[in-house]
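Residue-level structural notes
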Amino acid sequence: MFAANILIPFSLAYIGLLFAIAYYGDRMAKLGRSITSNPYIYALSMAVYCTAWTFYGSVGRAVASGPSFLTIYIGPTLMVALGWFVLRKIIRISKTQHITSIADFIASRYGKSPTLGGVVSIMAVIGIIPYISIQLKAISTSYLLMIGYGEPETLLKTAILNDKAFFIAVILAVFSILFGSRHLDVTERHEGLVAAIAFESIVKLAAFLAVGIFVTYELHAGIRDLVEHAKGVPQLENLFTLPSDPGAYTNWAFQIFVSMMAILFLPRQFQMAVVENINEKHLNKAIWLFPLYLMAINIFVLPIAIAGVLHFPDLPVNPDTFVLKLPMAENKTLLTLFVFIGGMSASTGMVIVATIALSTMISNYLVMPFLLRLRFLQLSRRFDLSSILLTIRWASIFLVVLCGYIYFRFIGEFYPLVSIGLISFVAVAQFAPSIIGGIFWKGATRSGALSGLVAGFCVWIYTLFLPHLTHGGVLPDSFITHGPFNIALLKPYELFGLTGIDQIAHSTFWTMLANISAYVGVSLFTRPTRMEHNQAVLFVDIFKRSEANNESLLWPGTASLPDLQSLLGRFMGKRRAENALKRYRQTSTTGQHDDLMADPGLVSHAEKLLTGAIGSASARIMVRTILKEEPPGIDEVMNILDETRQVIAHSHELEKATAELKEANERLKELDRLKDDFISTVTHELKTPLTSVRSLTEILHDHPEIDDTRRKEYLQIIVKESERLTRLITQVLNFQKIDAGGMELYMSRLNLAHIIRDAIAASQQLIQENNITLVTDIENIAPEIEGDRDRLMQVIMNLISNAVNFSSPENGRISIALQVQSHDLQVSVMDNGIGIDKVGHLEIFEKFKQIKNIGQGRSQGTGLGLAIAKKIVEHHEGRIWVESEPGQGSTFKFTIPYVSA
Amino acid sequence: MPQNSDKNKRLVSLFLLGAVFFNYPLLFIFNHKSYVLGFPILYLYIFSLWLLMIVMMIVITTRRNSQATKRSEP
């Protein structure tokens, strides 16, 4: 037993501590030294999931229905595994779009629709208020237990003002206002609040573990001992197993499903996991920290349940209160107080965050749009709306807490903790199709989302909420037992005769069926508007877009700067608005800012700022009022551009590939043509000597009377022509070999000067025959090179014979030089012939290319000589080229690196 | 984001496996009144599975970091 006059100051002191922590957190955030920016605090703040329902209710539920209490925590464990996939996407979208609540998220996704946001807000408020009420109930019950009031039946007799839960509720509302909506913030992040919630999460876990350890290891000899004692106790018959009927597994699976949805879409979870998330990377650790927390807080549920039943076998003690009653019965004063505080932490954390989340929705989607429509025209332009906005927020916080309290006083009395919580879970699960579908399916439309939400919500009302109110006496019992108007098929718990599963599974099935089929069906039969399409692309492709590209695809229009500034000022306060715009101008690099006009970038930035304060739909409406013009042509174009962007990207790639193919094909064709040219050239070259050989032999054959001198002359020509033939064929074969990459070089140390001399000597006859003057300038002391003697000789002779062929017919002149350069030796062969134009400089080294129209017809080549020479020089790591101008003669040069001594 | 998508796949697979292991029919196998090491078998199964999942999550989420540092080394 505790005296009220100790307990109340004690509770107040604890709440005071929360205030202090929140204040400290806010201060540090303002100083730039965030204490909440780490994954541990993030994971702990997500643990706001564990409410009084967990703290007190798990034990009660375990006693009533065995292991199924675990589903509520297994679901979230599974969901965080998906978290990287789903939650991270939601977080990224919300950050780029300045989204601050679930209503905002859904409204924003489906074209910033105020209607949709309103519907979601109503659903959330109706769905969550019962949940808030059970937290208040837990506070009230635990308080009454502590001061020895006995069982909750007596509660109804206490007057409201005497009910401590009411005061606690008021204090919590004040806390929510102070740390959740003291001022309007564009990001809606509240570090102080997060710090306090994380602290509460530690307290509730520590308290639960403390009582668990006490019960298990002090009152009993461990878990196994407790399990041993539990055997044979009739009340604990069902504790260790699920019922054996098939429906039990269905119930189990559905409960896991709704808890999975709850961990993402309960407004308080969205607030903590998405809106208050400071860094996406924190998810990385939170993914396993959070399930670990859930597991830890569940370990001692079973031992406490067993111990409770063993300790109070006959007394009509509500199992929900075992956690508190066990240490109380053992007269552990401090432990009892700690547990009481732990329970309070669990309840207050939930109430605070849920109220803040709900108040944001109420003010942004239920009150503001209404005010803007009704009174906007009468509101003077200088009127400061930010104070109105804040008042609305504060009022809605009080309203939510008050509703929770009223609900608790009139209806919540009749329920154990867990069943009300699950009703809320099913309600928020209705958001799942619109949100999950919305971030993965671009085709989902506003009408689809609206139909799905409304259908699901109506079925929820019918199958869970109305019967729930019936228990509170709002409707007659026959509504449940016989169905409305005695129509048995419409019994809310057995709709269309569906039995064998519990109410939660039953309702989840019907709501999801209605919700998903309406959502998908209507979406398939409606077309999204431009705005919807724009938002769909932004949401679904969030990871595909670069940071800079994450702006709206729609042309937001331009506005006058003073208009924009005063608009922002009215919602955010003048100074904040000025600062925000100034910051944008400093960081933004795009566009030039003049003092009168706001460019589209600034307009869309302003819309985002406003979205943070009043929600996306209202922000859109407000910004539209000050726009100078709305050019419909451009956004149309932008839209089309976006749709075709991918197609264009693809076709670019295709074009590139096609061009490459075309090029390859051209080259092949060219090579083919050259080959044909080559064959015709070669055959022509072969034919000429062959013809002369044949005709001369025919003459010799047919005219045996030919005199000897003639005969000798003819035979000489035949020999010469055959030699030429052989040479040609050797060269062709040679080239073929080189071209196939099969050139073998027999490398040795050589003196290039000697090779040149040998080559000149071998060509001496040719030079003299053509009456050509030869000048040589060869350095004798040239360093040695590494090379294949015969091949290099071939190159030089080829160059000499070319020079002979092309030098001037009258006073032909060739000069051959060898120079030592810094790394290599350079050989040059110069003639005074007709020269080669620029285009030919590279071409002549290609195979099958010859300089045509040489005039004198002295072209004896195959078009392979230079190509072979080039290959040989390159195999010696040298270079070959020609310097020439038409009419000025040409100089062929090549280099061979020498061996450094 | 090749690393992220690897992690994504691993976590989604973990989710799918978890969803199967935490449900009928596997649950049915352990749903009877027997005791292993003095613990009720269903609870033992659920809690071990739970712990295993958390360990797997730790492995998956930290693995990416070690790979990332390895990649940046050369």
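Owing to the predicted nature of the structure, the values given are computational and were not obtained by experimental measurement.

1. A few points about the overall build of chain B
Per the secondary structure count, chain B includes 3 helices and 2 strands. What you see in chain B, going N to C, is helices and strands ordered as α-α-β-β-α. Across the 74 residues that make up chain B, the buried fraction comes to 35%. Taking the intrachain contacts of chain B between residues at least 6 apart in sequence as the baseline, contacts between residues at least 24 apart amount to 62%.

2. So, the sheet that holds strand β8 (residues 879–884) of chain A
Residue and element names in this part refer to chain A. Spatial strand order, β4-β6-β7-β9-β8: 5 strands in an open sheet with mixed pairing. Either end of the sheet is taken by a strand with one partner, and the two such strands are β4 (773–778) and β8. Going from strand to strand, the sheet's axes swing by 15° on average, the running direction of each strand aside. Of the pairings in the sheet, the one linking β4 to strand β6 (residues 813–820) comprises 6 bridges and is parallel in character.

3. Let's talk about the interface of chain B and chain A
Taken together, the contact pairs 35 residues of chain B with 40 residues of chain A. At the boundary of chain B with chain A, total buried surface from both sides reaches about 3500 Å², with 74% on carbon and sulfur atoms. If you sort the residues of chain B by the area they bury against chain A, Phe15(B), Tyr43(B) and Trp50(B) come out on top, with a joint share of 20%. If you look at where chain B meets chain A, you find 0 salt bridges. Inspection of the region where chain B meets chain A yields 6 residue pairs in polar contact (both at pLDDT 80 or more). Going through the elements one at a time, α1 (2–21), α2 (26–30), β2 (39–40) and α3 (41–72) of chain B are the ones with two or more residues in the side of chain B that touches chain A. Top contributing element to the side of chain B that touches chain A by residue count: α3(B), with 13 residues. For the side of chain B that touches chain A, the class distribution of residues is 23 nonpolar, 9 polar and 3 charged.

4. Considerations on the nonpolar core
With 197 residues, the main nonpolar core has Tyr49(A), Ile304(A), Phe425(A), Phe431(A) and Trp50(B) as its most contacted residues. Residue contacts for Phe431(A): discarding those within four places in its chain leaves Ile102(A), Ile106(A), Val120(A), Met123(A), Ala124(A), Phe265(A) and Leu453(A).

5. Details of the environment of Phe199(A)
Residue and element names in this part refer to chain A. Topologically, phenylalanine 199 is positioned in helix α9 (residues 191–219). Sequence separation between phenylalanine 199 and serine 45 is 154 residues; the distance between their C-alpha atoms is 8.4 Å. In this structure phenylalanine 199 touches Tyr14, Leu17, Leu18 and Ile21, once residues within four positions along its chain are discounted.

6. Side note on the pattern of salt bridges
Side chains that differ in sign of charge can pair as their charged atoms come close. Residues and elements named next belong to chain A. Evaluation of the coordinates by the stated rule reveals 10 salt bridges over all chains. Of the charged contacts, one joins glutamate 280 and arginine 92 as a salt bridge, the two residues approaching to 2.6 Å between their closest N and O atoms. Of this pair, glutamate 280 sits in the loop between α12 (267–275) and α13 (282–298) while arginine 92 sits in helix α5 (residues 87–97), placing them 188 residues apart in sequence. Given the relative accessible area of 19%, arginine 92 is considered buried. For arginine 749, the salt bridge is made with glutamate 784, and the minimal N-O distance between the two is 3.7 Å. Here arginine 749, found in strand β3 (residues 748–750), pairs with glutamate 784, found in the loop between β4 and β5 (785–787); they are 35 residues apart in sequence, far enough to count as distant. By relative accessible area, which is 38% here, glutamate 784 ends up partly exposed. Connected through shared salt-bridge partners, Arg88, Arg92 and Glu280 make up one network.

7. Brief notes about a nonpolar patch on the surface
Residues and elements named next belong to chain A. Together, Val170, Val174, Leu178 and Phe398 make up a nonpolar patch on the protein surface, roughly 270 Å² of accessible area in all. Top contributing element to the nonpolar patch by residue count: helix α8 (residues 164–180), with 3 residues. Within the secondary structure, valine 170 sits in helix α8. A relative accessible area of 32% means that valine 170 is categorised as partly exposed.

8. A short note on the packing of aromatic side chains
All names here are of chain A. Within the structure shown, the criterion is met by 25 aromatic pairs over all chains. Relative to phenylalanine 208, the ring of phenylalanine 55 lies with its centre 5.6 Å away and its plane at 70°, an arrangement referred to as edge-to-face. Here phenylalanine 55, found in helix α3 (residues 52–65), pairs with phenylalanine 208, found in helix α9; they are 153 residues apart in sequence, far enough to count as distant. Phenylalanine 55 gets classed as buried once you look at its relative accessible area, which sits at 1%. Look at phenylalanine 208 and you get buried, because its relative accessible area is 1%. Here a set of aromatic residues connected by ring pairs shows up, and it is made of Tyr49, Trp53, Tyr73, Tyr131, Phe290 and Phe425. Geometry around tyrosine 110 places arginine 109 over its ring, the cationic atom sitting 4.6 Å from the centre.

9. Some thoughts on the environment of Tyr462(A)
Looking at the secondary structure, you find Tyr462(A) in helix α20 (residues 446–471). We classify Tyr462(A) as partly exposed; its relative accessible area is 22%.

10. Focus: a positive patch on the surface
On the surface, a cluster of positive charge is contributed by Arg27(A), Lys30(A), Arg33(A) and Arg576(A). On the secondary structure map, Arg33(A) appears in the loop between α1 (4–30) and α2 (39–46).

11. A closer look at the side chain of Ser763(A)
Mapped onto the elements, Ser763(A) comes out in helix α30 (residues 752–769). Contacts of Ser763(A), omitting those with residues within four sequence positions, involve Met797(A) and Ile800(A).

12. Some words on the confidence of the model for chain A
All names here are of chain A. This prediction gives chain A a mean pLDDT of 79; 85% of its residues lie at or above 70. In the model of chain A, strand β2 (residues 597–598) stands out as the element of lowest mean pLDDT, 68, in contrast to helix α22 (residues 503–525), which has the highest, 90. A low-confidence stretch, residues 631–635 (pLDDT under 50), is modelled with 5 contacts involving residues beyond four sequence positions or located in other chains.

13. Let's talk about unusual backbone geometry
In this structure, the amide linkage connecting Tyr24(B) to the following residue, Pro25(B), adopts the cis form with an omega of 5°. Summarising the element assignment, Pro25(B) is placed in the loop between α1 and α2. Phi at Lys112(A) is positive, roughly 50°, even though this residue is not glycine. For Glu877(A), which is not a glycine, the phi torsion comes out positive at approximately 60°. Note on placement: Glu877(A) falls in the loop between α33 (865–875) and β8. The class for Glu877(A) is exposed, based on a relative accessible area of 68%.

14. Observations concerning the pairing of β8(A)
Residue and element names in this part refer to chain A. Both β8 and strand β9 (residues 890–897) contribute to a ladder of 6 bridges, which runs antiparallel. Across the sheet, tryptophan 881 pairs through a bridge with lysine 893, a residue of β9. Linkage of β8 to β9, two consecutive antiparallel strands, is achieved through a turn of 5 residues, within which glycine 887 is found at a positive phi near 85°.

Rules and cut-offs
- Residues numbered from 1 in each chain as written.
- Chains lettered and ligands numbered in written order.
- Predicted model: local features only at pLDDT ≥ 70, side-chain atom pairs only at ≥ 80, totals over all residues.
- Heavy atoms only, no water.
- Helix = DSSP H or I, 4+ residues; strand = E, 2+ residues; numbered from the N terminus.
- Buried < 20%, exposed > 50% of the residue type's maximum accessible area, 1.4 Å probe, protein only.
- Contact = heavy atoms within 4.5 Å.
- Pairing = 2+ DSSP bridges.
- Axes fitted to C-alpha atoms, helices over the stretch in contact; angles between N-to-C directions.
- Buried area = accessible area lost by both parts, 1.4 Å probe.
- Salt bridge = Lys/Arg side-chain N within 4 Å of Asp/Glu carboxyl O.
- Polar contact = N/O pair within 3.5 Å; in protein donor to acceptor, adjacent residues only side chain to side chain.
- Nonpolar A, V, L, I, M, F, W, Y, C, P; charged D, E, K, R; others polar.
- Core = buried A, V, L, I, M, F, W, Y, C linked by side-chain atoms within 4.5 Å.
- Patch = residues over 30% accessible without salt bridge, like charges linked within 9 Å, V, L, I, M, F, W, Y side chains within 5 Å.
- Areas by Shrake-Rupley, 256 points an atom, 1.4 Å probe, with all protein chains shown as cover.
- Phe/Tyr/Trp six-rings, centres within 6.5 Å; stacked < 30°, edge-to-face > 60°.
- Lys NZ or Arg CZ within 6 Å of the ring centre and 35° of its normal.
- Lys, Arg positive; Asp, Glu negative; His and termini not counted.
- Charge placed at Lys NZ, Arg CZ, Asp CG, Glu CD.
- pLDDT = per-residue confidence, 0-100.

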